[in-house]
Structure formats: structure tokens, C-alpha cells
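Notes for the structure review
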Amino acid sequence: MNWDEYARWGKEISDWGSDYHKTLRDRPVRAQVAPGDIAALLSLSPPEQGEDMAVIMEDFERVVMPGITHWQHPRFFAYFPSNASPPAILADFLTSTMAVNSLLWQTSPAATEMETRMMEWLRQAVGLSGDFAGVIQDSASSATLAAVLTMRERSLNWQGNTKGLSSMPPLRLYCSGEVHSSIDRAVWVAGLGDSNIVRLPIEGPLRGLRAEAMRAAIISDIAAGYKPAGIIASTGATGAGSCDSIRDIAKIAKEFDLYLHVDAAWAGSAMICPEFRELWDGIDAADSIVFNPHKWLGVQFDCSAHFLKNPEDLVRTLAIQPEYLKTHGQDGLINYSEWSIPLGRRFRALKLWFLLRNYGLEELRNRIRNHVEWSLVMAETLRNTENFEIVTEPILSLFTFRYAPAGATGLAALNQKLVDEINDDGRIYLTQTLIDGEKVIRFQVGQFDCTQEDITFAYNVICEIAGRQDVSYG
Ligand SMILES: *Cc1c(COP(=O)(O)O)cnc(C)c1O
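Sequence positions are assigned chain by chain, starting from 1 and proceeding in written order. Totals for whole chains, interfaces and linings use every residue, but because this is a predicted model, local features are given only for residues with pLDDT of at least 70 and side-chain atom pairs only at 80 or more, for both listing and counting. Excluded from the side-chain calculations are hydrogens and water; all other atoms, namely the structure's heavy atoms, are used.

Turning our attention to the side chain of His70. Strands are runs of DSSP state E lasting at least 2 residues, helices are runs of H or I lasting at least 4, and numbering of each runs from the N terminus. Inspection of the secondary structure assignment puts His70 in the loop between helix 2 (53–64) and helix 3 (86–98). We define a polar contact as two N or O atoms separated by no more than 3.5 Å, with the added condition that, inside protein, one atom must be a possible hydrogen donor and the other a possible acceptor, whereas residues neighbouring each other in sequence contribute only through side-chain atom pairs. Looking at His70, its side chain comes within polar contact range of the side chain of Tyr20, at 2.6 Å.

Below, the discussion takes up the site of the ligand. Nearness is judged by heavy atoms alone; a residue qualifies as near a molecule or strand once a single heavy atom is within 4 Å of it. Taken together, the neighbourhood of the ligand is formed by 14 residues, with Ala140, Ser141, Asp263, Asn292 and Lys295 sitting nearest. Note that a nitrogen atom of the ligand is positioned 2.7 Å from one of the side-chain N or O atoms of Asp263. With residues, only the protein chains shown are counted as cover, and all accessible areas are computed by Shrake-Rupley using a 1.4 Å probe. The protein chains hide 87% of the 390 Å² of surface that the ligand would expose on its own. Of all the secondary-structure elements, those providing two or more residues to the shell around the ligand are helix 5 (140–155) and helix 10 (293–296).

All right, on to the pattern of salt bridges then. Pairing is possible between side chains of opposite charge, provided their charged atoms come close. One side-chain nitrogen of Lys or Arg within 4 Å of one carboxyl oxygen of Asp or Glu is enough to make a salt bridge. Applying the stated rule across the entire model yields 31 salt bridges. We note a salt bridge from Lys351 to Asp302, for which the minimum N-O separation is 3.7 Å. With Lys351 in helix 12 (residues 349–383) and Asp302 in the loop between helix 10 and strand 9 (304–308), the pair connects residues that are 49 residues apart, well separated along the chain. Summarising the burial analysis for this pair, Lys351 and Asp302 share the class buried. For Arg402, the salt bridge goes to Glu438, with nearest N and O atoms at 3.3 Å. Residue Arg402 is found in strand 11 (residues 398–403), and its partner Glu438 is found in strand 13 (residues 438–444); the two are separated by 36 residues along the sequence. Note on exposure labels: buried denotes an accessible area under 20% of the residue type's maximum, exposed denotes more than 50%, and partly exposed covers the range between, all computed with a 1.4 Å probe on protein chains only.

Moving on, we come to the pairing of strand 9. Counting buried residues along strand 9, 5 of its 5 residues qualify, which places the element largely inside the surrounding structure. Residues Ser304, His306 and Leu308 line one face of strand 9 and the alternating positions Ala305 and Phe307 line the opposite face, and both faces are buried. A strand pair is defined by DSSP finding two or more bridges across the two strands. Two strands pair when backbone bridges link them, and strand 1 (residues 133–137) and strand 9 are joined in this way by 5 bridges, in the antiparallel orientation. For Ala133, the partnering residue across the bridge sits in strand 9 and is Leu308. Pairing of strand 8 (residues 288–291) with strand 9, which is carried by 4 bridges, proceeds in the antiparallel orientation. Each residue of the ladder has a partner; that of Val290, found in strand 9, is His306.

Given 3.6 residues to a turn, an α-helix orients residues that are three or four positions apart in the same direction. A helix's residues, less one, multiplied by 1.5 Å, set its expected span. Compared with the 28 Å implied by 1.5 Å per residue over 20 residues, the 29 Å span of helix 1 (residues 3–22) between its first and last C-alpha is a close match. Turning to helix 1, its buried residues are Trp9, Gly10, Gly17 and Tyr20. Buried residues in helix 1, looked at end-on, bunch into an arc of 115°, giving them a common side. Summarising the geometry of helix 1, the exposed residues directed more than 90 degrees from the buried face are Asp4, Lys11, Asp15 and Lys22. Contacts: residue pairs with any heavy atoms within 4.5 Å of one another. Buried residues belonging to helix 1 abut helix 2 and helix 3. Its side-chain oxygen at 3.0 Å from the backbone nitrogen of Asp4, Asn2 defines the N-terminal cap of helix 1. Arc definition: it is the arc formed by the directions from the helix axis to the C-beta atoms.

To continue, consider helix 11 (residues 311–318). What helix 11 keeps buried is the set Pro311, Asp313, Leu314, Thr317 and Leu318. Summarising the axial view, the buried residues of helix 11 lie within an arc of 155°, below the 170-degree limit, and thus occupy one face. Those residues of helix 11 that are exposed and angled more than 90 degrees off the buried face are Glu312 and Arg316.

Structure below.
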């Protein structure tokens, strides 16, 4: 393809994207294909000769699109949102065009300097103290892994990387049972061992970990010869949005000199609205925080904001400087590859710059406030509907409910069947979770083009499909 053809196809594809977004309501939200359907349409081997772009685009529609679940669909109420706003998409078009790799300052000074400034904008936007510096990671999972590695090195007096863990005391890490699976994985990958994750019981409507139970666990671990390394707290955990009391936990972290990382992957975006910040009250005492603008804020994947009180600790944990990466005579400059696990890194700051300038914080706050408000309305409406129960109250824009008609047995199977039928129907998309061992349905509002009418529509679909269930099922 030459660059003139590229220009022509670029226009075609941006027209395609505009039509796609404007007509999304006509498509089923979740892909309605069976396993293997798409693979069966893909050639078994690569072509020897190049093919025409028009043919490739036709195949894109025919082969790929039926297998797409539409995360940008206004009636997507599953998982957490994954918003792609027009200015952020355009910024990624530009960055892809240049294929910038911002591993060092000198490999694109604009990317590094803008990343520093965008993290400073986000810090102000979510109301964190000026003590935090930031880096953009590819995922919250990476940020949390970096945090766990930093905890490990800090508690082993920076000896883990050089000596390995076999001669070290067993390290312990504390969290509630509500944390995201990325915490488990970070602990595994960091070599600390799943059995050294101490999962504490939760309490209260916010389902936060019991700080006193954590303190007692730390004391008894120390007595038993373990070395506590750190704490991972959640603001808005994935299952039901649980929020730990950061203020209480931070006091204990300080008492025992433990590193405190806060996973706010989903809920952090909502902190651009000052009225929601009570959910992470005390946050300025954390050592690191991660939240994903690629969830609720309108920059498409990947863009995870990772704030650090002491970036030196992270750099001390991760930096390697082989000769080919040294930037002689430029000490004092930030080389962000020393702040992250992968070496290569995309120019992610540009999409934040485009989004924040084109929308402004006020527009973004309006969207998030609407989502929270509509989720409350939906929960109230379901509560007042016969046979439905609210299981966990809304935290921001997420709540859980179940269908529990009087006398029905096998509620777990009934609710799973309801979720499956709703998703097979395709008009809306929901997912299930377990709350205290019970199967429930999650409802989360967060897609940028969602309107209040879409919420009413979802309510009607849920009632219609629930009404068809045989309640003696199970
Ligand atoms: C989505 C999510 C994650 C994982 O985010 P990635 O960026 O996909 O790694 C971690 N924690 C919570 C609470 C989440 O909601």
C-alpha cells in the first residue's frame, strides 16, 4: 500500500467508525457466534501475494464483525466500561501513524514530557496531593505487579532481585477477599506465593476489609516469623464495587512500615467529581494508586494512571541500564521504561491530552454523574418490582440484584439462566458474580453514549425475560 492509498483508506475507515458508533443500537451487544465460527472463516495459511485493501475490508465486515462484542454499545452493562471517545481515537490514529516508542526521553521527548504533564493533570483532576508523581502503564495489572515487586524489594532491603527469594523470609501481603484477580497474579509472578496472600474479612455496606482484623493478622504473622511486605486496598473492587477504608488501613501501614497500594482501576475515574472522593478518604497516605482512564474516562485501552509517592523505589526495583539504553550526559531526565515492566511503551499521553482538552473536565464529570444517578434509579426501580431483590446497594454506578420469585428453588441456576438468556437475546449485556457465595447479576452503567432511555430499555428487557422463566426451575 502506498501513502496515497493509505490516505484514502484512512478516510474510509473514519467514515466507517462514525457510522458504526451512530448505528450501534441496531447490533446485538454480545457477539452471537459459537466457538470456532470465526476461526472457520480465516484462511489456514498466510497469502503469498498481497491482496487488495477493498477485499480485506469486505472480509473485515464478513469475518470479523460478527465476532465482535460491542463494548461501545450504549446498552453494554456488563463488566466495567471501556470507553473510546472520538478525540482519543483520533489521537491513537496519530500515534499509530508515527509508531512512537517512548522508552527513553530521547526516543521522543514530546511523549515523555507530555506523559509527565498529563499525569499531573490527572492528579489535579482526581484531587490527589502534590506529593504524587505519575506514569502511564499499559494496564492496572502491570501497575499492581510493579507495586508488589516494589513491596518485595523494599521489605527485603533491595536484595530480592540480586539474591532471589530462596534464602529470604516468607513475605506476607494483606488485602480483602474482594480484590481483583490481578492481585493474585501479581503475587504469583513476584514469587511470593499464593498462600502468603492474607485475605481479610469484610464489613459494612461498602464491603471494606476489617482493619482491626488486618492489624491482628500482621501481629500474629510477625510472631510466627513472616515478614509483612505490604497491603493492597481497593476503591471500587470488581465484583460489587467494594471500598476499603483507606484512612484506617493507612494508619496500620504506617504503624508497621508497610507499603500501601490502592487498586481503584474502575472507580478512580469518578474521583474527578469531588462528591465521590469520600470513597477513598485518606488516599493521600497511599504509596501508590492505579486507576484506568481506559475504563470510565473515555480514552480507549490502553491507559492506566499509576501514581507514586516515591518513584525512586519503583525505579530502584525495575531499572536496568545496559549500555545500549544509556543516555550519556542526560542524567536527570525521566526514562519511563525504568518505571514499567515492559521496555517498549506506546505514546499514551496524547489521547489523554486530546480528550481532556476537547471535552474538558466538566463534560466528563457530567457523564459520570449521570451514570451514577441512572444506576441509582435502576436499583430503585428493580427494588420496587415484584420478585427482584437488590443484593448489594449501588457503589457509584454498580449494584447487584437477583431474581427471587417467592417459592422458587435453585436461585443460582435461575439467575445464571436469566443472564444467559438476556445475553443470547442480544439487546443488552449483563454479567453475573458471586456475593458471599450467592450467584447474583451485576448492573453497571458507564458507556459514554448511554442515555436514560437505554436504562429504561434495559429494565424492560430484564423484566420481559425474567417473566418468561419457569420459576420451579432448578
Ligand atoms: C479492571 C480492573 C483491573 C484490571 O485492569 P487491567 O487494566 O485490565 O489490568 C484491576 N482491578 C480492578 C478493580 C478492575 O476493575
